[in-house]
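# Structure assessment
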Amino acid sequence: MKKEHRISLCRTIAGAALCLAPFVASHAHHPPGGLGVQVVGSVTTMSADTMIKGDLAGSFEFDYLRFDTRSDAELRALDDEHIHAHDSDYIQRGSLGLAYGMTDRLTLGLRVPYVRNVGRRAAEHTHGAESPVLDLGTAAGLGDISVVGQYALTTGPRWRSALLGGIKLPTGETGVHDNRGHRLGAHDQPGSGSWDPIVGLIGSVSGERWSIDGNLIYTHATKGAQDTTLGSLLEFRASLSYALRSHDADESVDWDVTVALELTGESQGKDEVAGVTEEHTGGAYALLGPALRLTSPGGISFYGAAGFQVWEDIRDHAPPPDYRVMVGIGRVL
């Protein structure tokens, strides 16, 4: 594939990563969103490349986030300290995304998630007796839809940068109940009920077969359902990726194969309920792991990534993440 054609294709498909960018203010126990459908480059880290004007891309992604769960005895001990902690086995999330090139510098993206929080448990506080640990079941429902734009600040064959801006809409479920018929707290609902602005910076530097990408994205939480303001979220992502194939003019029908090493991190502030700060909520963690992307001659991208906890400082309200696995498919339509 000629170099100018390859650059054009990379721009078109790389910009479609907006379909699956991390736009949802995910709590520490919610899986962060992945990226999307680049030809070469990262999977869970956004590229600074935008789409070509008039191109439309679609994608689907599935996330699985496993937690380092706590024993019944640990939950009871926290309850004895009047810390209303809960546990989850894992969270699954499926996301549908669309992205459109408004201009060669501006790409708009839309993301619709569906969330399942499985194996929820919590100690029920009692006075003068051992607290029972309750099986609260699965919390599932539509998550908050996000709409964002990515604007290319600088472009070039090697160094690129972009600005991200958008908003998370209060479209998710906020009335889900547990096994006892009690409405879950706002922290555990699939949706937040709040309008949350999103801003971010994206940088990329690349050579013929390699790319280094970095993201810094901030989601400012506002008051939502149940008079609750969830903690604002700061996300950091970085990746080093390498294309295993080098293209010549007569290789236009071959598959692209890209491998990557990616670091993702989140830091979330404390929740506030009815004007009172919940001191045991929020925290931070980091995941590190490999990623793989396969792109067909027809422009269909298949990708996956795994991240394993390398550091965490999660407060007692929720369990820390253990590992994350994500797979997806996308293409320019």
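Procedures and definitions
Residues numbered from 1 in each chain as written. Predicted model: local features only at pLDDT ≥ 70, side-chain atom pairs only at ≥ 80, totals over all residues. Heavy atoms only, no water. Helix = DSSP H or I, 4+ residues; strand = E, 2+ residues; numbered from the N terminus. Buried < 20%, exposed > 50% of the residue type's maximum accessible area, 1.4 Å probe, protein only. Contact = heavy atoms within 4.5 Å. Areas by Shrake-Rupley, 256 points an atom, 1.4 Å probe, with all protein chains shown as cover. 1 Å grid on protein atoms, 1.4 Å probe; cavity = no way out; pocket = protein on both sides within 12 Å on 5 of 7 lines; lining within 4 Å. Points joined across faces, edges and corners; volume = space filled by probe spheres on them. Nonpolar A, V, L, I, M, F, W, Y, C, P; charged D, E, K, R; others polar. Polar contact = N/O pair within 3.5 Å; in protein donor to acceptor, adjacent residues only side chain to side chain. Salt bridge = Lys/Arg side-chain N within 4 Å of Asp/Glu carboxyl O. pLDDT = per-residue confidence, 0-100. Core = buried A, V, L, I, M, F, W, Y, C linked by side-chain atoms within 4.5 Å. Pairing = 2+ DSSP bridges. Phe/Tyr/Trp six-rings, centres within 6.5 Å; stacked < 30°, edge-to-face > 60°.

## Here's the deal with the overall build of the protein
Assigned secondary structure in the protein consists of 2 helices and 17 strands. Every one of the 333 residues in the protein was classed for burial, and the buried ones make up 53%. Put simply, 69% of the contacts in the protein that link residues at least 6 apart link residues at least 24 apart. Total accessible area on the protein stands at roughly 13700 Å², and carbon and sulfur atoms take up 60% of it.

## Things to note about empty space enclosed by the protein
Inspection of the entire model under this criterion finds 3 cavities of 30 Å³ or more. Volume-wise, the second largest cavity comes out at about 80 Å³. Taken together, Thr44, Glu262, Thr264, Leu287, Leu288, Gly289, Pro290, Ala291, Ala305, Ala306, Gly307 and Arg324 make up the lining of the second largest cavity. Among the secondary structure elements, those contributing two or more residues to the lining of the second largest cavity are β12 (256-268), β15 (283-295) and β16 (300-314). Among the elements that line the lining of the second largest cavity, the one with the most residues is β15, at 5 residues. Partitioning the lining of the second largest cavity into residue classes produces 6 nonpolar, 4 polar and 2 charged.

## What about the side chain of Gln268?
Checked against the element boundaries, Gln268 lands in strand β12. Of the residues examined, Gln268 reaches a relative accessible area of 5% and is grouped as buried. Side-chain polar atoms of Gln268 contact the backbone oxygen of Gly231, separated by 2.9 Å.

## A word on the side chain of Thr264
For Thr264, the location among the structural elements is in strand β12. Look past the residues within four positions of Thr264 in its chain and what remains in contact with it is Thr44, Phe236, Arg237, Tyr285, Ala286 and Leu287.

## Digging into unusual backbone geometry
Notably, Gln226 is not glycine yet its phi reads approximately 55°, a positive angle. The topology assignment puts Gln226 in the loop between β9 (210-219) and β10 (228-229). Phi is positive for Ala274, which is not a glycine, with a value near 55°. Along the polypeptide, Ala274 turns up in the loop between β13 (272-273) and β14 (276-277).

## Here's the deal with the pattern of salt bridges
A side chain of one charge can pair with a side chain of the opposite charge when the charged atoms of the two come close. Scanning the entire structure with this criterion turns up 13 salt bridges. With a closest N to O distance of 3.1 Å, Arg120 and Asp188 form a salt bridge. Taken together, the positions of Arg120 in strand β4 (residues 106-123) and Asp188 in the loop between β7 (159-168) and β8 (196-206) put the pair 68 residues apart, joining distant regions of the chain. Taken as a pair, Arg120 and Asp188 share a single burial class, namely buried. Here Asp196 and Lys168 are joined by a salt bridge, their closest N and O atoms 3.0 Å apart. A residue pair is termed long-range when its members are at least 10 positions apart, and Asp196 in strand β8 and Lys168 in strand β7 qualify at 28 residues. The burial state of Asp196 is the same as that of Lys168; both residues are buried. Through salt bridges with shared partners, a single network forms among Arg70, Asp72, Asp87 and Arg121.

## As for the confidence of the model for the protein
Per-residue confidence for the protein averages 86 on the pLDDT scale, and 84% of its residues sit at or above 70. pLDDT under 50 marks residues 1-5. Its contacts with residues more than four places away, or in other chains, come to 10 contacts.

## A look at the environment of Leu56
Counting through the fold element by element, Leu56 comes out in strand β1 (residues 56-67). On the basis of relative accessibility, which here comes to 33%, the residue Leu56 falls in the partly exposed class. Counting along the chain gives 277 residues from Leu56 to Leu333, while the straight-line C-alpha distance between them is 5.6 Å. Not counting residues within four places of it along the chain, the set of residues in contact with Leu56 comprises Met51, Ala99, Tyr100, Arg331, Val332 and Leu333.

## So, the nonpolar core
In terms of nonpolar packing, the biggest core is built from 8 residues, these being Met46, Ala48, Val148, Ala162, Leu164, Ile198, Ile202 and Ile217. Secondary structure elements with two or more residues in this core: β7 and β8. Apart from the residues within four sequence positions on either side, Ala48 is in contact with Gln150, Arg160, Ser161, Ala162, Ile202, Gly203 and Ser204.

## Observations concerning the pairing of β16
In the sheet, β15 pairs with β16 via 11 bridges, with the strands oriented antiparallel. Bridge pairing in β16 links Ala284 to Asp313. Between β15 and β16, which pair antiparallel and follow one another directly, the connecting turn spans 4 residues, one of which, Gly299, has a positive phi of 90°. Two elements, β16 and strand β17 (residues 321-332), share 9 bridges in a ladder whose sense is antiparallel. The residue bridging Gly307 from the neighbouring strand is Arg324, located in β17. With antiparallel pairing between neighbouring strands as the criterion, β16 and β17 make up a hairpin whose turn holds 6 residues.

## A word on the packing of aromatic side chains
On inspection of all chains with the given rule, the structure shows 4 aromatic pairs. Relative to Tyr323, the ring of Tyr64 has its centre 6.3 Å away and its plane inclined at 40°; by these criteria the two rings are tilted. Within this pair, whereas Tyr64 is found in strand β1, its partner Tyr323 is found in strand β17, the two being separated by 259 residues in sequence. An angle of 35° between the planes, with centres 6.4 Å apart, marks the rings of Phe308 and Tyr323 as tilted. Of the two residues, Phe308 is situated in strand β16 and Tyr323 in strand β17; the sequence distance between them amounts to 15 residues. Among the aromatic side chains, those forming a connected cluster through ring pairs are Tyr64, Tyr90, Phe308 and Tyr323.

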